[in-house]
Amino acid sequence: MTEIENRLRDAYEAATSTVRPEALRPLTAPPARRAKPLWAIPVAVAAAVALIVAGAVLLGNEEQKYRTDPAAAAGAPAYAVALVDKGEDIPSRAVVLSTATGRQVAAIPGAYLFGSVAAAGDRRTFFLTAKEGDCATRVYRVRVRGDGSVTAPVALPGAPVPADGGMGQDLAASPDGRRVAFGGDCGDLGRLVVVDTETGQQRVWTSQTGDPADRGVKQPTWAPDGRTIGFRYHAPPNGELRLLDTDHAPAGDLLAASRVLRPQDMTKNLRNGRFEDGQIESFVFNPDGSLTAVVQRTNHSSGDDQFGLVRLTAAGVPTGRADWFPSSALGFYVRVDSSGEHFLSGEGGRIPRVDNGRFSWLHRSSKPYYYDVAW
């Protein structure tokens, strides 16, 4: 069956499922009526067919509107790795997705409790995490071959990362894949840990969050130089974007070692009377050193939220380039490929994508429920 037929079938089943047996009246024979002219039957059938066709055309147009444009998607990575949520406290599974079809092409061995995924710049090397115990997270490396098959995951050498992650977006890989950064927590301390992927050597920076349920370090991202890490730091009531030079900053106090790039709030930068605020939810570095930020803003009149991708300079100043997307399309985080023009996000288990400013869906169903993805 086609996608349109499936959607019409699902709508029919949803409507019929609301009809309760006790609500149905007994069937009684109606009084005899004069038969309709024979010509009325084909007319009625034609009208019904016309309504179905019209609905199918509308659905088809909607599908076409958010379908991946091959021209815009040219140059995107061939594969992405995603984590599937299996339920609370149940280890996730990892899969390889074709970015051309959105379908699973391979399963990655292993279980990934409270895992995250990140990709190196070669588009073939991926890293996955799995919680092993309190304040202990193991990092694995896997490579995706040209046909979508995968090598067996190999744990990075050395001890586990001394921090716990959440549910995705805690891990980032440097462009050359030589280092990974993990943002998590341990007790009431937020932690940023950098691991050498060849030796397992670790460097740890900590921050006092004051609340074990709130990680101070969120969604780390590597700059093109392979030494600077950007991250969002939440210090109630304000949030900020910060940078850490991992080559020169002494390990220890994260806030003392890092510097503020800009506030998370960018309401004044939006300059749009319809929206009452604007907050940067996450950001990534582009290959030229500029930034792309996920911004959430709220409509004054309706109260509805809208998400968009906003370009910033390396100093955190908006450049004026912004792409705003349909409600509930983009999620709170974004992953960029090595070209800087192809983005993946996550929203309600689905995977939206943006190719050269054009929005579409890599996977638009919540089954399976993907909660982290990278390419």
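Coordinates for the structure precede this section.
Residues numbered from 1 in each chain as written. Predicted model: local features only at pLDDT ≥ 70, side-chain atom pairs only at ≥ 80, totals over all residues. Heavy atoms only, no water.

*Asks:* Tell me about the side chain of glutamine 169, and name the residues and values.
*Replies:* Within the secondary structure, glutamine 169 is located in the loop between strand E7 (154-155) and strand E8 (171-173). Within the structure, the side chain of glutamine 169 is placed 3.0 Å from the backbone oxygen of tyrosine 371, a separation counted as a polar contact. Not counting residues within four places of it along the chain, the set of residues in contact with glutamine 169 comprises Ser116, Gln219, Pro220, Tyr333, Arg335, Tyr371 and Asp372. (Helix = DSSP H or I, 4+ residues; strand = E, 2+ residues; numbered from the N terminus. Polar contact = N/O pair within 3.5 Å; in protein donor to acceptor, adjacent residues only side chain to side chain. Contact = heavy atoms within 4.5 Å.)

*Asks:* Please set out the sheet that holds strand E2 (residues 92-98) residue by residue, giving values where relevant.
*Replies:* Taken in spatial order, the four strands make up an open sheet running E3-E2-E1-E25, and their pairing is antiparallel. At either margin of the open sheet sits one strand with a lone partner, and together these are strand E3 (104-112) and strand E25 (370-374). Shown here is a sheet whose adjacent strand axes are inclined to one another by a mean of 25 degrees, direction ignored. As paired strands, strand E1 (residues 79-84) and E25 are joined by four bridges and run antiparallel to one another. Residue pairing for E25: valine 84 is matched across the bridge by tyrosine 370. (Pairing = 2+ DSSP bridges. Axes fitted to C-alpha atoms, helices over the stretch in contact; angles between N-to-C directions.)

*Asks:* Describe the pattern of salt bridges, with residues and values.
*Replies:* Summed over all chains, the structure comprises 11 salt bridges. Between arginine 141 and glutamate 198 there is a salt bridge whose closest N-O contact spans 3.3 Å. Within this pair, whereas arginine 141 is found in strand E6 (residues 136-143), its partner glutamate 198 is found in the loop between strand E10 (189-196) and strand E11 (202-208), the two being separated by 57 residues in sequence. For glutamate 198, a relative accessible area of 55% puts it in the exposed group. Measuring nitrogen to oxygen at the nearest pair gives 3.4 Å for the salt bridge that ties aspartate 247 to arginine 179. Pair noted here: aspartate 247 is in the loop between strand E14 (238-245) and strand E15 (252-253) and arginine 179 is in strand E9 (residues 179-186), with a separation of 68 residues, a long-range link. Taken together, the shared-partner salt bridges connect Arg311, Arg321 and Glu341 into one network. (Salt bridge = Lys/Arg side-chain N within 4 Å of Asp/Glu carboxyl O. Buried < 20%, exposed > 50% of the residue type's maximum accessible area, 1.4 Å probe, protein only.)

*Asks:* Mind laying out the packing of aromatic side chains, listing which residues take part and the relevant values?
*Replies:* All chains considered together, the criterion is met by six aromatic pairs. On the basis of an interplanar angle of 40 degrees and a centroid distance of 5.6 Å, the ring pair of phenylalanine 325 and phenylalanine 359 is categorised as tilted. Linking phenylalanine 325 in the loop between strand E20 (318-324) and strand E21 (334-336) with phenylalanine 359 in strand E24 (residues 358-363), this pair joins segments that are 34 residues apart in sequence. Ring geometry for phenylalanine 359 and tryptophan 361: centres 5.3 Å apart, planes at 75 degrees, overall edge-to-face. Members of the aromatic cluster, each reached through a chain of ring pairs, are Tyr66, Phe325, Phe359 and Trp361. Over the ring of tryptophan 324 we find arginine 297, and its NZ or CZ is 3.4 Å from the ring centre. (Phe/Tyr/Trp six-rings, centres within 6.5 Å; stacked < 30°, edge-to-face > 60°. Lys NZ or Arg CZ within 6 Å of the ring centre and 35° of its normal.)

By themselves these figures say nothing about function.
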